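Given next are the chains, with one letter for each unit.
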Amino acid sequence: VQLQACGGGLVQAGGSLRLSCAASGRTFSSYGMGWFRQAPGKEREFVATISWTGGTTYYADSVKGRFTISRDNAKNTVYLQMNSLKPEDTAVYYCAAGVGSGSRWSDEYGSWGQGTQVTVSS
């Protein structure tokens, strides 16, 4: 599956952004999806994941209560709604497709999007 992420941008602290990740192919609904991010000079880190049905989600502690992952299998798209953004959320955000149950581990994802930059100013 090929993935295309978009929706990043520059926002002030406390603001919101919604990232989208569109997938090609007919099998999107069989994949668990995840969002990861990588800040300059740091390792890539897990943000959120959603199961193939959308029934199970899991978040990193740093974003819990502020970010929401969702998916629309009819549109082959996964979303990441980001509210109450903080400067430490600044990073390139990547979507990924992997095991159907979803996962916080990057090595369980076989397809990755190109990334979209999110910059939060203080």
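Residues numbered from 1 in each chain as written. Predicted model: local features only at pLDDT ≥ 70, side-chain atom pairs only at ≥ 80, totals over all residues. Heavy atoms only, no water.

Trainee: Honestly, the overall build of the protein in this entry has me stumped. Any pointers?
Mentor: The helix and strand tally for the protein stands at 0 helices and 11 strands. Its helices and strands in sequence order give the protein the pattern β-β-β-β-β-β-β-β-β-β-β, from N to C terminus. Computed over its C-alpha atoms, the radius of gyration of the protein comes to 13 Å, within 12% of the 14 Å expected for a compact globule of 122 residues. For the C-alpha atoms alone, the extent of the protein along its principal axes is close to 40 × 25 × 25 Å. The buried share among the 122 residues of the protein stands at 44%. Within the protein, counting contacts between residues at least 6 apart in sequence, those at least 24 apart form 57% of the total. Accessible surface computed for the protein: about 6,200 Å², of which carbon and sulfur atoms make up 47%. Taking the 11 positively charged and 8 negatively charged side chains of the protein as two groups, their mean positions are separated by 7 Å. (Helix = DSSP H or I, 4+ residues; strand = E, 2+ residues; numbered from the N terminus. Rg over C-alpha atoms; globule rule 2.2 N^0.38 Å. Buried < 20%, exposed > 50% of the residue type's maximum accessible area, 1.4 Å probe, protein only. Contact = heavy atoms within 4.5 Å. Areas by Shrake-Rupley, 256 points an atom, 1.4 Å probe, with all protein chains shown as cover. Lys, Arg positive; Asp, Glu negative; His and termini not counted. Charge placed at Lys NZ, Arg CZ, Asp CG, Glu CD.)

Trainee: Quick question: what am I supposed to make of unusual backbone geometry here?
Mentor: Peptide bonds are mostly trans, and most non-glycine residues show a negative phi. With a phi close to 55°, Asn-76 is a non-glycine residue in the positive phi region. Examined against the element boundaries, Asn-76 turns out to sit in the loop between strand E7 (67-72) and strand E8 (77-82). Residues other than glycine seldom take positive phi values, yet Ser-84 does so here, at roughly 50°. When you line up the elements, Ser-84 lands in the loop between E8 and strand E9 (91-98).

Trainee: How should the state of the cysteines be read in this particular structure?
Mentor: Two cysteines whose sulfur atoms are joined by a covalent bond form what is called a disulfide. Considering all chains together, one arrives at 1 disulfide under this definition. Between the sulfur atoms of Cys-21 and its disulfide partner Cys-95 the distance amounts to 2.0 Å. Looking down the S-S bond of the Cys-21 and Cys-95 bridge, the torsion is 60°, so its handedness is right-handed. Taken together, the residues Cys-21 in strand E3 (residues 17-23) and Cys-95 in strand E9 connect sequence positions 74 residues apart. A disulfide-free cysteine, Cys-6 has its sulfur positioned 8.4 Å from the sulfur of Cys-21, the nearest such atom. (Disulfide = S-S within 2.5 Å.)

Trainee: When you look at the sheet that holds strand E1 (residues 3-6) in this model, what are you seeing that I'm missing?
Mentor: What links the strands of a sheet is backbone hydrogen bonding, and the strands pair in either a parallel or an antiparallel sense. Ordered in space as E1-E3-E8-E7, the 4 strands form an open sheet in which the pairing is antiparallel. In this open sheet, the two strands that pair with only one neighbour each are E1 and E7. Within this sheet the neighbouring strands show an average axis-to-axis angle of 15°, counted without direction. By the bridge criterion, 6 bridges tie E3 to E8 in an arrangement that is antiparallel. (Pairing = 2+ DSSP bridges. Axes fitted to C-alpha atoms, helices over the stretch in contact; angles between N-to-C directions.)

Trainee: How should I be thinking about the packing of aromatic side chains in this particular structure?
Mentor: The description of an aromatic ring pair rests on the distance of the ring centres and on the angle between the ring planes. In the structure shown here, the tally under the stated rule is 5 aromatic pairs. For the pair Phe-36 and Trp-112, a centre-to-centre distance of 5.1 Å together with 55° between the ring planes defines the contact as tilted. Here the residue Phe-36 occupies a position in strand E4 (residues 32-38), and Trp-112 occupies one in strand E10 (residues 109-112), the gap between them amounting to 76 residues. On the accessibility criterion, Trp-112 (26% relative accessible area) is partly exposed. Grouping aromatic residues by their ring pairs yields a cluster made of Phe-36, Phe-46, Tyr-58, Tyr-109 and Trp-112. When the ring centre of Trp-105 is taken as reference, the NZ or CZ atom of Arg-104 above it lies at 5.2 Å. (Phe/Tyr/Trp six-rings, centres within 6.5 Å; stacked < 30°, edge-to-face > 60°. Lys NZ or Arg CZ within 6 Å of the ring centre and 35° of its normal.)

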